[in-house]
Amino acid sequence: LAELRGVSRLFPIPGRRGAVLRAVDGVDLAVRRGELVGLVGESGCGKSTVARIAAGLLPPSAGRVLIDGQDVAALPAAEGRAARLRVQMVFQNPHASLNPRFTVEEIVGEAVRYHRLVPRDALAEHVAAQLLRVGLDPALRRHHPHRFSGGQRQRIGIARALAVRPDLLVCDEPVTALDVSVRAGILNLFLDLRDRNGLAILFISHDLSVVGHICDRVVVMYLGRVVEEGPVDALFERPRHPYTQALLADSRSALPEGTVPVRGEAPSLAERPAGCPFHPRCPMARPDCRREVPALRGVGEGHRVACLLAG
Ligand code: SF4
Ligand code: MG
């Protein structure tokens, strides 16, 4: 359904003239129809940049974004717009992402009206249907966002994304800002939308345990690169990259046998280590890890890992 191919993104480093950091470095990522894919890594590893590129909110510096195999940037303007509507974003902070001056009806219907996706006289009904889909009472559509709780506001954000009939939702830490007590409800909503409507979801999180609950497949990023990807069962039962093992150990109360806690903070993207970017923190590092950049290699069905020790 959607694919990033060799996508990189550079940003200038503030205060360092001419210096750039590579927030995303040669990422390949595909999401199939109806698939729930988790993208995990520590903050600053480039996941939000990948999310914004996938959702068409940020152009890649290199590489391509394909929807149904077509390069979105190469499509004629109208078709490119239509292709981009098929991928919608749900943001982390439902307090900041909803305009407080608009009613729920205006917020959810805004893009639909702008792109004339339903006839004018059917708009109110369309908005009401989206609110029902996310478990909100359509009678509340004339209210402003401040009347709603954090969980309800995130549902409004999801209804807004659904209103343009996307095939893929890109959700950047959609439960991180929410009360623990309402997180499960939102996660179940994503599962429901996938099961009932065949929606694909790219679910970005720093929390591997949340991803493990709902995703079919997991992609792990470290310092702008994919270091491991695979079916959720394989990845949880037999994580192959020392970084994935460390993330798993962090997300579990007891350390599983043979896993290691991650050491120290991730280096800045601006100072990416040579060789394997994980080597300064890796408990298994060998001398050649400082020189050789490990490529992703297959270690099982759909399971790939970028570590010199794997395979
Ligand atoms: Fe660790 Fe070397 Fe594997 Fe990198 S390549 S994760 S440093 S063992
Ligand atoms: Mg982020």
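Residues numbered from 1 in each chain as written. Chains lettered and ligands numbered in written order. Predicted model: local features only at pLDDT ≥ 70, side-chain atom pairs only at ≥ 80, totals over all residues.

Chemist: Could you give me a rundown of the UniProt feature "domain: ABC transporter" (unreviewed entry) in the chain, with the residues and numbers involved?
Modeler: Taking the UniProt record as the reference, the feature "domain: ABC transporter" (unreviewed entry) is found at residues 2-248. Secondary structure content for residues 2-248 is 36% helix and 26% strand, and the end C-alpha separation is 27 Å. (UniProt positions renumbered as here; feature names shortened; annotations may be inferred. Helix = DSSP H or I, 4+ residues; strand = E, 2+ residues; numbered from the N terminus.)

Chemist: Which residues make up helix α4 (residues 123-133), and what values do they have?
Modeler: Listed as buried for α4 are V127, Q130 and L131. Down the axis, α4 shows its buried residues gathered within 100° of arc, on one side only. The exposed set on the far side of α4, more than 90 degrees from its buried face, consists of E125 and L132. Summarising the contacts, the buried residues of α4 are in contact with α3 (104-114) and α5 (150-162). Two residues or fewer after α4 comes G135, characterised by a positive phi angle close to 80°. (Buried ≥ 20, exposed ≤ 12 C-beta atoms within 10 Å, placed from the backbone. Arc of directions from axis to C-beta. Contact = placed C-beta atoms within 7 Å.)

Chemist: An account of the environment of D71 is needed here, citing residue identities and associated values.
Modeler: Tracing the backbone shows D71 in strand β5 (residues 70-71). For D71, a count of 14 C-beta atoms within 10 Å translates into the label partly exposed. Each C-alpha atom, one on D71 and one on P273, is 32 Å from the other, the two residues being 202 residues apart in sequence. In this view, D71 contacts R64 and L66; residues no more than four positions away in its chain are not counted.

Chemist: Describe the environment of E110, listing the residues and the values that go with them.
Modeler: Relative to the elements of secondary structure, E110 occurs in helix α3. Here the alpha-carbon distance between E110 and V90, two residues 20 residues apart in the chain, equals 15 Å.

Chemist: Can you tell me about the site of ligand 1, naming the residues and giving the values?
Modeler: Neighbouring residues of ligand 1: 13 residues in total, closest C276, H279, C282, C289 and C307. Grouping the amino acids of the shell around ligand 1 by side-chain chemistry returns eleven nonpolar, two polar and no charged. (Near = placed C-beta within 6 Å. Nonpolar A, V, L, I, M, F, W, Y, C, P; charged D, E, K, R; others polar.)

Chemist: Describe the domain arrangement of the chain, naming the residues involved and giving the relevant values.
Modeler: For the chain, the assigned domains are domain 1 (2-86 + 166-181 + 201-305) and domain 2 (97-165). Placing the centre of domain 1 and that of domain 2 at their C-alpha centroids yields a distance of 30 Å. At the junction of the two partners, domain 1 supplies seven residues and domain 2 supplies eight residues. (Domains from an automatic or database assignment.)

Chemist: Give me the nonpolar core: which residues, what numbers.
Modeler: Looking at soluble globular proteins, one finds that nonpolar side chains tend to be buried together. Grouped together as the largest cluster of nonpolar side chains are 81 residues, with contacts concentrated most on A54, V170, L202, F203 and V220. Split by domain, the residues of this core number at least three in each of domain 1 (2-86 + 166-181 + 201-305) and domain 2 (97-165). Setting aside residues up to four positions removed in sequence, V220 forms contacts with V40, G41, V226, V227, E228, E229, H241, Y243, T244 and L247. (Core = buried A, V, L, I, M, F, W, Y, C linked by C-beta atoms within 7 Å.)

Chemist: I'd like a description of the sheet that holds strand β4 (residues 62-67), backed by residues and values.
Modeler: Sheet architecture is open: four strands sit in the order β2-β1-β4-β5, paired in antiparallel fashion. Looking along the sheet, the strands with just one partner apiece sit at the ends: β2 (20-31) and β5. Two strands pair when backbone bridges link them, and β4 and β5 are joined in this way by two bridges, in the antiparallel orientation. When the bridges of β5 are listed, I67 appears paired with Q70. Seen against the sheet, helix α1 (residues 47-54) touches β1 (2-12), β2 and β4 and runs at an angle of roughly 120° to β1. (Pairing = 2+ DSSP bridges. Axes fitted to C-alpha atoms, helices over the stretch in contact; angles between N-to-C directions.)

Chemist: Describe the sheet that holds strand β8 (residues 200-205), listing the residues and the values that go with them.
Modeler: Taken in spatial order, the eight strands line up as β6-β7-β8-β3-β9-β10-β12-β11 in an open sheet, and their pairing is mixed. The sheet is open, and its two borders are formed by β6 (87-90) and β11 (297-300), each paired with just one other strand. Averaged over all adjacent pairs, the angle separating strand axes in this sheet is 25°, with direction ignored. Pairing of β6 with strand β7 (residues 168-172), which is carried by four bridges, proceeds in the parallel orientation. If you follow V90 over to β7, its bridge partner there is C171. Contacts from helix α9 (residues 242-251) reach β3 (36-40), β9 (217-222) and β10 (225-231), with the element oriented near 105° to β9.

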